[in-house]
Structures are given as structure tokens and as C-alpha cells.
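Secondary and tertiary structure notes
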Amino acid sequence: MTSDEPTSGVDGKSLCSTHIDLLENLDSTLKMIISKISESGFSIWIVGGAVRDSLSEISLHDFDLASDATPSQLMQIFPSSIPTGIAFGTITIPSQGDFGDIEITTLRKDGTYFDRRRPESVRFGTSLLEDLNRRDFKINAMAIDPINLLFYDPHGGRKDLESGILSAVGEASQRLEEDGLRIMRAYRFMCHDSGPFIPDENLSQALIDSVQNLDSISRERIWMEFSTLLSYQNVSEVLQRMVDDGVMNYVIPGCNDVLGIDNCNFEGITGYNLMIGRLSLLLKSFDEETVTQILNELLVSNKVRNSVTSIRKRIGIIPNTESKGCLRRYRIALGGDLVAQMSAER
């Protein structure tokens, strides 16, 4: 067992009961990875969404690790690992565990961001503080040391989490200048399951002032963030804020009517069908040629394209609810789009 205190660059605090429970319930693959890295003389931390979401007591969907071991050292420890982002210090360990494949990223400090997407240079290091300083929002800049049972929160992310505040690490405009996609991430966190979060004054203004940074971000990456946002339960206020802030024009140009989008909620609907139903409503007022152009530019999957194209044409056309035959034929005709169609009709 090694201590990361000399290299962390920030003081740690004892773990709370929530994080102790988290560590006790890790699957065997994660426990093996953590043990092997520690036994090899390196430090290891749990970072990102798992730390944040566990404090909010919501289901964990991913599990990211950070280490002071270099990518080449990690690949020696785990010969079956894959160099999925080795230039930025990330390797992936294939896993059949609860969280699927596990990403491990070497602690780093980024250089200047030259294209509002990627840093011009990456310097691997041993300082946890430097690594957390490059994160986007304070709620994402926390870490757990599973070996020494310590919690790191140099920017007060837990306080923001408890207060429902979304604030940037450091200067908000600089964070959004470094990576324009952080603009979309901010709106996604405003309706995230661990929130919702309200951006503080600095971030609120920066989102408006920096909207043009989305010009340098591919529409496909914008769609990935937006599709996730549409899958959350309550989004209408966030969508309206995107319209007011000028962000919606970078997602669906000309879309200004977002009223009633949350009406497609009903018990048991999955996130995917929520997304499809809402996107169909957002595109309902556009002509078919414009819809095709928007979906093509966003590079949505064929499955999404076919469902949305079909559903938006049928909105408002419902069967005779008094006729079992009509309902049966309606169900057969819609097939896999039934729930998404009904969510939009709702």
C-alpha cells in the first residue's frame, strides 16, 4: 500500500460513509485494477462522474480512473489494455464488469488549446491538483483515493453539488474557450439527474459571450451532448435557456418553439424514447427538406433519422380509442416507434 500524499499536491480528507460504501461495492474487475496499480508502486484515484453521482446517490453509469503511472507503464501492468487515447494519456482495459471497459488516464497538465477542442501539448505529471485544475466544472473536479481512503475536493465541488450550483474551475470564459463543447455540457448538467444545476453568474455570462466557440465543434459531438440532454426527465426550462442564450441555433438552427416538450413524460418511458419524442416535437414545424438537412448535419444514426422522420409526420394523427381494431392496427404500424410516438402525442 502506497501513499499519494507527497505527489497529490492537495490535502485529502477522510472518506464519508457514501464513498466507503462505494468502495466496498466495487466489482471484482475494478478492485483488481486498483490493487495491481498500487502494488506496482503507483497511485490511483477514482475521478469524474462516479465521485459526483455517488454523492447524489444516483446510479453510476461509468467509472474513470486516474494514475501517476504513464500510459506505457500502465500497459506493462495490463498487457491486454488498449491505447484508446494514448496521446492524451488514456488507455482502456477491456472488462465484463458492471461498468464495462475501464478507462485510466495519466495525471496531466494541458498546454494551450489551439482549436477550442484539444490542447496543443500534454504534459504527464504526478500532481493530482494540476489534473483537477484542468477539469471543466467544480462538480467534476473531485477524486477518491481508494488505497488511502481519502477524498480530494480542492475547488469545493461537493458544496456546489449540495447547493445545486454549476460553476467552472477557475475562469469560466477560459474553460469554455479551451473546449467549446463544454458549453453543451453545461446545459446538459443543468438538467442532469444529479442536479438540476443552476449556473452561477460568471458561468451564465460566459455561456452567452462564448457561444461562437461552438463553431469549431463538430455537429456530431454537439449532437452527442444534446441527445443525452433530451433523455433527461425535465428539460423544457433548459431548452428555453438555450434558445435565449443563442445556443439552440448551433444545434437546430431556427428552432425557437420549445414549449410543451416536457409533456411527453409519462411513467416507464425510457431515456431513448424520450429523446426521440422530444426531437420529433422540436422538428415538427420545419418542412421535410429542412428536417433532412438538420438530421444530416447532426450525423444522427439511421435509426434515429427514420424514427424522427416518421413520427413528426404523424403527430396529431391518433386512432379511434373506442375501437380495439384501430388501436391494434396503430400499434402494429408504429412497431418500435410506438412509445416515442405516444410520448410526443402526450
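Since we're looking at a predicted model, the values are computed, not measured.

Another point: the overall build of the protein chain. Along its length, the protein chain carries 17 helices and 12 strands. When the 346 residues of the protein chain are sorted by exposure, 51% land in the buried category. Taking as baseline every contact in the protein chain between residues at least 6 positions apart, the subset at least 24 positions apart corresponds to 67%. Of the accessible surface of the protein chain, which amounts to about 16,200 Å², a share of 47% is contributed by carbon and sulfur atoms.

A few words on helix 11 (residues 219-230). What sets the pattern is the α-helix's 3.6 residues per turn: residues three or four places apart point alike. The end-to-end C-alpha distance of helix 11 is 16 Å, a good match for the 16 Å that 12 residues give at a rise of 1.5 Å each. Residues Ile-222, Trp-223, Glu-225, Phe-226, Ser-227, Leu-229 and Leu-230 constitute the buried set of helix 11. Buried residues in helix 11 make contact with helix 9 (181-190), helix 12 (236-245), helix 13 (271-282), helix 14 (288-298) and helix 15 (302-314).

What follows covers the nonpolar core. Considering soluble globular proteins, one finds that nonpolar side chains tend to be buried as a cluster. Residues Phe-63, Phe-226, Leu-239, Met-242 and Ile-252 are the most contacted members of the largest nonpolar core, which totals 89 residues. The element best represented in this core is helix 9, accounting for seven residues.

Quick look at the pattern of salt bridges now. Applying the stated criterion to the full structure yields 10 salt bridges. Two residues, Arg-134 and Asp-131, come together in a salt bridge whose shortest N-O distance is 3.3 Å. The class for Arg-134 is buried, based on a relative accessible area of 15%. The shortest N-O distance in the salt bridge between Glu-297 and Arg-219 comes to 3.0 Å.

Our focus in this paragraph is the environment of Asn-234. Residue placement: Asn-234 occurs in the loop between helix 11 and helix 12. It is 9.4 Å that separates the C-alpha atoms of Asn-234 and Asp-193, two residues lying 41 residues apart in sequence.

Following both chains from N to C, one finds helix 13 and helix 15 inclined at 50 degrees, their axes separated by 9 Å at the closest point. Accordingly, the angle class assigned to the pair helix 13 and helix 15 is oblique. For the crossing formed where helix 13 meets helix 15, the hand is right-handed. Along the contact surface, helix 13 presents Tyr-272, Met-275, Ile-276, Leu-279 and Ser-280, while helix 15 presents Lys-303, Val-304, Ser-307, Val-308, Ile-311 and Arg-312.

Moving on: the confidence of the model for the protein chain. Taken residue by residue, the protein chain gives an average pLDDT of 87. The fraction at 70 or more is 90%. The secondary-structure element of the protein chain with the lowest mean pLDDT is helix 1 (residues 5-8), recorded at 56, while helix 10 (residues 201-209) shows the highest, at 98.

This part takes up the layout of surface pockets. Estimated volume of the second largest pocket: approximately 320 Å³. What lines the second largest pocket is a set of 18 residues, and nearest its centre among them are Met-190, Cys-191, Pro-196, Asn-234 and Val-238. Contributions of two or more residues to the lining of the second largest pocket are made by strand 12 (198-199) and helix 12. Looking at the lining of the second largest pocket, the element that brings in the most residues is helix 12, giving four residues. Per-class residue counts for the lining of the second largest pocket are nine nonpolar, five polar and four charged.

This part takes up the packing of aromatic side chains. Considering all chains together, one arrives at two aromatic pairs under this definition. Taking the centre distance of 5.0 Å and the plane angle of 50 degrees together, the rings of Phe-63 and Phe-99 count as tilted. Placement of Phe-63 in the loop between helix 4 (49-55) and strand 3 (64-67) and of Phe-99 in the loop between strand 5 (90-93) and strand 6 (102-106) is noted, with a sequence separation of 36 residues between them. Look at Phe-137 and Phe-189: their rings are 6.0 Å apart centre to centre, the planes differ by 75 degrees, and that puts the pair in the edge-to-face class.

Bringing the sheet that holds strand 9 (residues 143-145) into the picture now. Taken together, eight strands build an open sheet; the order of strands is 1-10-9-2-3-6-5-4 and the sheet is mixed. The open sheet is flanked by strand 1 (13-14) and strand 4 (82-85), the only strands paired with a single partner. Relative to strand 10 (residues 150-152), strand 9 runs antiparallel, the two sharing three bridges. Its bridge partner lying in strand 10, Ile-144 is registered against Phe-151. Packing of helix 3 (residues 28-39) onto the sheet brings it into contact with strand 2 (44-47), strand 3, strand 5 and strand 6, and relative to strand 6 it is tilted by some 25 degrees.

Before going further, it helps to examine the pairing of strand 2. Along strand 2, one buried face is formed by Ile-44 and Ile-46 and the opposite face, lined by Trp-45 and Val-47, is buried too. Here strand 2 pairs with strand 3 via four bridges, running antiparallel. Paired with Trp-45 across the bridge in strand 3 is Ala-66. Pairing of strand 2 with strand 9 involves two bridges; the strand directions are antiparallel. Bridging from a neighbouring strand, Val-47 pairs with Ala-143 of strand 9.

Right, let's talk about the side chain of Asp-245 for a bit. Looking at where Asp-245 falls in the secondary structure, it is placed in helix 12. Accessibility expressed as a relative area gives 12% for Asp-245, which makes it buried. Side-chain polar atoms of Asp-245 contact the side chain of Tyr-187, separated by 2.7 Å. Dropping the residues within four chain positions of it, Asp-245 is found in contact with Tyr-187, Ile-208 and Val-211.

Rules of the game
- Residues numbered from 1 in each chain as written.
- Predicted model: local features only at pLDDT ≥ 70, side-chain atom pairs only at ≥ 80, totals over all residues.
- Heavy atoms only, no water.
- Helix = DSSP H or I, 4+ residues; strand = E, 2+ residues; numbered from the N terminus.
- Buried < 20%, exposed > 50% of the residue type's maximum accessible area, 1.4 Å probe, protein only.
- Contact = heavy atoms within 4.5 Å.
- Areas by Shrake-Rupley, 256 points an atom, 1.4 Å probe, with all protein chains shown as cover.
- Expected span 1.5 Å × (residues − 1).
- Core = buried A, V, L, I, M, F, W, Y, C linked by side-chain atoms within 4.5 Å.
- Salt bridge = Lys/Arg side-chain N within 4 Å of Asp/Glu carboxyl O.
- Axes fitted to C-alpha atoms, helices over the stretch in contact; angles between N-to-C directions.
- Parallel < 35°, antiparallel > 145°, perpendicular 65-115°, else oblique.
- Left-handed = near helix turned anticlockwise from the far one by under 90°.
- pLDDT = per-residue confidence, 0-100.
- 1 Å grid on protein atoms, 1.4 Å probe; cavity = no way out; pocket = protein on both sides within 12 Å on 5 of 7 lines; lining within 4 Å.
- Points joined across faces, edges and corners; volume = space filled by probe spheres on them.
- Nonpolar A, V, L, I, M, F, W, Y, C, P; charged D, E, K, R; others polar.
- Phe/Tyr/Trp six-rings, centres within 6.5 Å; stacked < 30°, edge-to-face > 60°.
- Pairing = 2+ DSSP bridges.
- Polar contact = N/O pair within 3.5 Å; in protein donor to acceptor, adjacent residues only side chain to side chain.

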